[in-house]
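# Breakdown of the fold
What follows is the residue order along each chain.
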Amino acid sequence: MEGQSPGSRGPSEKPIPAAARPGLSSLGAVFILLKSALGAGLLNFPWAFHKAGGVAPAFLIELVSLVFLISGLVILGYAASTSGQTTYQGVVGGLCGPAMGKLCEACFMVNLLMISVAFLRVIGDQLEKLCDFLLPGAPPAPQPWYVDQRFTLTLLSVLVILPLSAPREIGFQKYTSILGTLAACYLALVIVVQYYLWPQGLTREPRPAQSPSSWTSVFSVFPTICFGFQCHEAAVSIYCSMRNQRLSHWALVSVLSLLACCLVYSLTGVYGFLTFGTEVSADILMSYPGNDVVIIVARVLFAVSIVTVYPIVLFLGRSVMQDFWRRGCCRACGPRALADSSGPWVRMPLTILWVTVTLAMALFLPDLSEIIGIIGGISSFFIFIFPGLCLICAVGVEPMGPRVKCCLELWGVVSVLVGTFIFGQSTVGAVLELV
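One numbering rule holds for all chains: residues counted from 1, following each sequence as written. Since the coordinates come from a predicted model, pLDDT governs what is reported: local features require at least 70, and pairs of side-chain atoms require 80 or more to be given and counted, while whole-chain, interface and lining totals use all residues. Just so you know, side-chain values use all the structure's heavy atoms and leave hydrogens and water out.

Taking an unreviewed UniProt entry as the reference, the protein chain is identified by name as Solute carrier family 38 member 8 belonging to Equus asinus. Per UniProt, the comment on the protein chain under Sequence similarities (unreviewed entry) is "Belongs to the amino acid/polyamine transporter 2 family." UniProt positions are given in the numbering used here, feature names are shortened, and annotations may be inferred rather than shown by experiment. Heading Subcellular location (unreviewed entry) of the UniProt record for the protein chain holds this comment: "Membrane".

Written out as C-alpha cells, the structure reads:
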C-alpha cells in the first residue's frame with residue numbers, strides 16, 4: 001500500500017493503462033490540483049470567517065477540514081491504483097459496485113454543472129464591474145449593447161473558454177494553471193495590502209469581538225470550505241496522468257497543493273474579515289470601492305483565474321458524457337470515427353454542448369449565493385463520502401494486517417458519517433434559504 005512502483009503491484013492491484021499516462025510532472029500536478037481548488041470560493045472566505053464567528057473558530061474549522069481533505073486525496077490515489085480505473089466515477093463503480101457508480105456519475109454531473117455555472121457567473125460579474133469602470137455614465141442612461149453581460153460573457157466563452165476546453169488530456173491545463181494560480185495569489189495579496197494601507201474610500205470602524213451565534217452557524221461554514229477546497233473531482237484524473245504514481249509521492253503532491261491553497265484562502269479570509277468585519281459581503285470584491293484601480297486589476301486577474309479553472313471542470317464533466325457515449329455507441333455499432341469517445345468528432349460537440357448549457361444557465365441565474373450552499377453540500381460526496389466508501393471497499397481486497405485494516409475501515413466510516421452530516425446540514429440550510 002505504501003507507494004509501490006507500477007511493476008511491483010500486488011496481485012489484487014490492477015495497473016493503470018499505459019494510454020492514460022501522458023507523463024505529467026509532479027510540479028504540473030501540484031499546479032493543476034492547486035488551481036482546481038483556487039476557484040470562486042476565494043471570494044466567499046471572508047464572509048465565511050464572519051459566519052463562523054471570527055478568526056479563531058474559522059481557523060479551527062479550516063484545520064479540521066484540511067485533515068479530511070488531504071486524506072480524501074490520498075485515498076482516491078490509492079483507490080485508483082487498486083481499481084485500475086482512470087476516472088473518479090470509474091473508481092467508485094469499480095470498487096463499490098455498479099449501483100454506487102451510477103450514483104457517483106449522477107452526483108458528478110450535477111456538481112460539475114453547477115460549479116461551471118457558478119464560475120461563469122463570477123466571470124460575468126467581474127466583466128460587468130470592469131465595463132462600469134471603463135464606461136461610466138449616469139444611472140438612467142442605458143449602457144451600450146456591447147457592454148451587456150450577455151454579450152461580453154458569450155464572446156469570452158466562444159473566443160477564450162471554448163478553445164482552452166478543447167484539448168484531449170488534462171495535462172495541457174498545467175500551463176494555464178500556473179497563470180491562474182498567480183492571478184488568484186494577486187487577489188489575496190491585494191486584500192492583505194489594502195488592510196494595512198487602508199486607502200481612501202474605506203472607513204475604519206471599531207469591530208466588536210464576535211462569537212458564533214449558534215453551533216449551526218459554525219457548521220454552516222463547511223459548505224463554503226467544501227466549495228473552496230474542492231479539487232477531489234480532478235484527483236483521479238491528475239493521479240493517473242502523473243509519471244510517478246507511487247502513493248507516497250501522490251501524498252506529498254496532495255499535501256503541498258492543499259497547504260499552499262490553505263495559505264491563500266486563510267490570508268484572504270482573515271484580512272478580508274478584519275477589513276470589513278460584520279459588513280463583509282459574500283463576494284469580498286463587492287465590499288471595495290468600484291473605482292479603485294487596484295481592485296479593478298484584481299477583478300480582471302481573478303476573472304482570468306476562473307477562466308483557467310473552468311476547462312478543468314469541463315474536462316471532468318465531459319469524461320462522464322464520454323463514458324455514456326462509449327457505452328451507447330458500443331451497442332449501436334456506429335461509424336469508427338464516432339466510436340472513439342475521445343476523438344474530435346465526439347469530444348468537440350460534447351465540449352460545445354457543455355459550454356452552451358452552462359452559459360445559458362449562468363445568464364439566467366438570478367443570484368450566485370443561492371447555489372453555493374447546494375454545491376458545497378454535493379461536494380461533501382466527493383470529499384468525504386465516496387473516498388470513505390472506496391477506502392472501505394479497497395482494504396477488503398488488499399492483503400494487510402488486521403490492525404491496519406481495522407484502522408483504515410474505521411477512518412472510512414468516519415469520513416462517510418462526517419460527509420453525510422455536512423451534506424444533510426448544508427443542503428437543508430440552502431433549501432431553507434431558497435424558500
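Counting its regular elements, the protein chain contains 16 helices and 0 strands. Evaluated residue by residue, the protein chain yields a buried proportion of 54% over its 435 residues. In the protein chain, of all internal contacts separated by at least 6 residues, the share reaching a separation of at least 24 is 85%. A total accessible area of about 18600 Å² is found for the protein chain, and carbon and sulfur atoms account for 70% of it. Only DSSP runs of H or I with at least four residues qualify as helices, and only runs of E with at least two residues qualify as strands; both kinds are numbered from the N terminus onward. To sort residues, take the accessible area from a 1.4 Å probe on protein chains only and compare it with the maximum for the residue type: under 20% means buried, over 50% means exposed, and anything in between is partly exposed. Every residue pair with non-hydrogen atoms within 4.5 Å of one another is taken to be in contact. For the accessible areas, the method is Shrake-Rupley and the probe is 1.4 Å, while residue cover comes only from the protein chains on display.

Here the focus is helix α11 (residues 247-276). An α-helix turns once per 3.6 residues; consequently, residues spaced three or four apart project the same way. Here α11 is 30 residues long and its end C-alpha atoms lie 43 Å apart, about the 44 Å a rise of 1.5 Å per residue gives. Across the 30 residues that make up α11, a large majority, 21, are buried. Two residues or fewer after α11 comes Gly277, characterised by a positive phi angle close to 60°. Expected helix span is given by 1.5 Å per residue-to-residue step, counting one fewer step than there are residues.

So, about the packing of aromatic side chains. Two aromatic rings from Phe, Tyr or Trp, using only the six-membered ring of Trp, form a pair when their centres are within 6.5 Å; if the ring planes differ by under 30 degrees the pair is stacked, by over 60 it is edge-to-face, and anything between is tilted. Under the definition given, this model contains 19 aromatic pairs. With 4.9 Å between their ring centres and 85° between their planes, Phe276 and Tyr288 make a pair best called edge-to-face. Taken together, the positions of Phe276 in helix α11 and Tyr288 in the loop between α11 and α12 (293-332) put the pair 12 residues apart, joining distant regions of the chain. Overall, Phe276 belongs to the buried group, its relative accessible area being 8%. Residue classification places Tyr288 among the buried residues on the basis of a relative accessible area of 4%.

On to the nonpolar core, then. We define a nonpolar core as any set of buried Ala, Val, Leu, Ile, Met, Phe, Trp, Tyr and Cys residues linked to one another through side-chain atoms lying within 4.5 Å. Core analysis: the biggest nonpolar cluster contains 120 residues, and Tyr88, Phe229, Ile238, Trp250 and Phe382 have the highest contact counts within it. No other element matches the 14 residues that α12 contributes to this core. Among all residues touching Phe382, those that are not within four sequence positions of it are Leu76, Tyr88, Cys104, Cys107, Phe108, Asn111, His232, Glu233 and Pro387.

This paragraph deals with helix α7 (residues 173-197). For α7, spanning 25 residues, the distance from its first C-alpha to its last is 36 Å, which sits close to the expected 36 Å at 1.5 Å a residue. Following α7 by one or two positions, Trp198 has its phi on the positive side, about 50°.

Let us look at the environment of Val74. Among the structural elements, Val74 can be located in helix α3 (residues 55-83). Among the residues examined, Val74 registers a relative accessible area of 21% and is labelled partly exposed. Along the chain, Val74 and Trp250 lie 176 residues apart, while their C-alpha atoms are 6.9 Å from each other. Setting aside anything within four residues of it in sequence, one finds Val74 in contact with Leu247, Trp250 and Ala251.

By definition here, a salt bridge exists when the distance from a side-chain nitrogen of Lys or Arg to a carboxyl oxygen of Asp or Glu is within 4 Å. Applying the stated criterion across every chain yields a total of 2 salt bridges. With a closest N to O distance of 3.5 Å, Asp125 and Arg121 form a salt bridge. Placement of the pair is Asp125 and Arg121 together in helix α5 (residues 98-134), with a separation of 4 residues, close to one helical turn. Judged by its relative accessible area of 14%, Arg121 is buried. When the shortest N-O distance is used, the salt bridge between Arg150 and Asp148 registers 3.0 Å. Residue Arg150 is classed as exposed on the basis of its relative accessible area, which comes to 55%.

Turning to its location among the elements, Thr82 is positioned in helix α3. Here Tyr78 takes part through its backbone oxygen, which lies 2.8 Å from a polar atom of the side chain of Thr82. Residues adjacent in sequence count toward polar contacts only when both atoms are side-chain atoms; beyond that, a polar contact is any pair of N or O atoms within 3.5 Å, and within protein one must be able to donate a hydrogen and the other to accept it.

Here the term patch refers to residues with relative accessible area over 30% and no salt bridge, with like charges joined within 9 Å and nonpolar side chains (Val, Leu, Ile, Met, Phe, Trp, Tyr) within 5 Å. Together, Leu134, Leu135, Trp145, Tyr146, Phe151, Leu155, Val158, Leu159 and Val160 line one region of the surface with nonpolar side chains, adding up to about 880 Å² of accessible area. Considering each element in turn, the nonpolar patch owes the most residues, 5 residues, to helix α6 (residues 149-165). As for its position among the elements, Tyr146 is in the loop between α5 and α6.

This paragraph deals with the packing of α5 against helix α14 (residues 344-364). Where α5 contacts α14, the two axes come as close as 8 Å, and the packing angle between them is 60°. Our classification of the angle between α5 and α14 gives oblique. Every pair of crossing elements has a handedness; the one defined by α5 and α14 is right-handed. The residues of α14 that touch α5, namely those facing Met109, Leu112, Leu113, Ser116, Val117, Leu120 and Arg121, are Trp354, Val357, Thr358, Leu359, Met361 and Ala362. Throughout this entry, Asp, Glu, Lys and Arg are counted as charged residues, while Ala, Val, Leu, Ile, Met, Phe, Trp, Tyr, Cys and Pro are counted as nonpolar. The remaining residues, Gly among them, count as polar. Residues of the contact of α5 with α14, tallied by class, amount to 10 nonpolar, 2 polar and 1 charged. Every axis corresponds to a line fitted to the C-alpha atoms, with the helix fit spanning only the stretch in contact, and the corresponding angles, defined between N-to-C directions, vary from 0 to 180 degrees. Angle categories: roughly parallel below 35 degrees, roughly antiparallel above 145, roughly perpendicular from 65 to 115, and oblique for all the rest. Crossings are assigned a handedness: left-handed for a near helix turned anticlockwise from the far helix by less than a right angle, right-handed for a clockwise turn.

Turning to the confidence of the model for the protein chain, a few remarks are in order. With 82% of its residues at a pLDDT of 70 or more, the protein chain has an overall mean of 81. Here pLDDT means the predictor's own confidence in every residue, given as a number from 0 to 100. Note on residues 1-21: pLDDT is under 50 here. Beyond four places in sequence and across chains, it has 45 contacts.

With that settled, consider the environment of Leu353. Mapped onto the fold, Leu353 is located in helix α14. For Leu353, a relative accessible area of 45% puts it in the partly exposed group. Along the backbone, Leu353 and Arg318 are 35 residues apart, and their C-alpha atoms lie at a distance of 9.6 Å.

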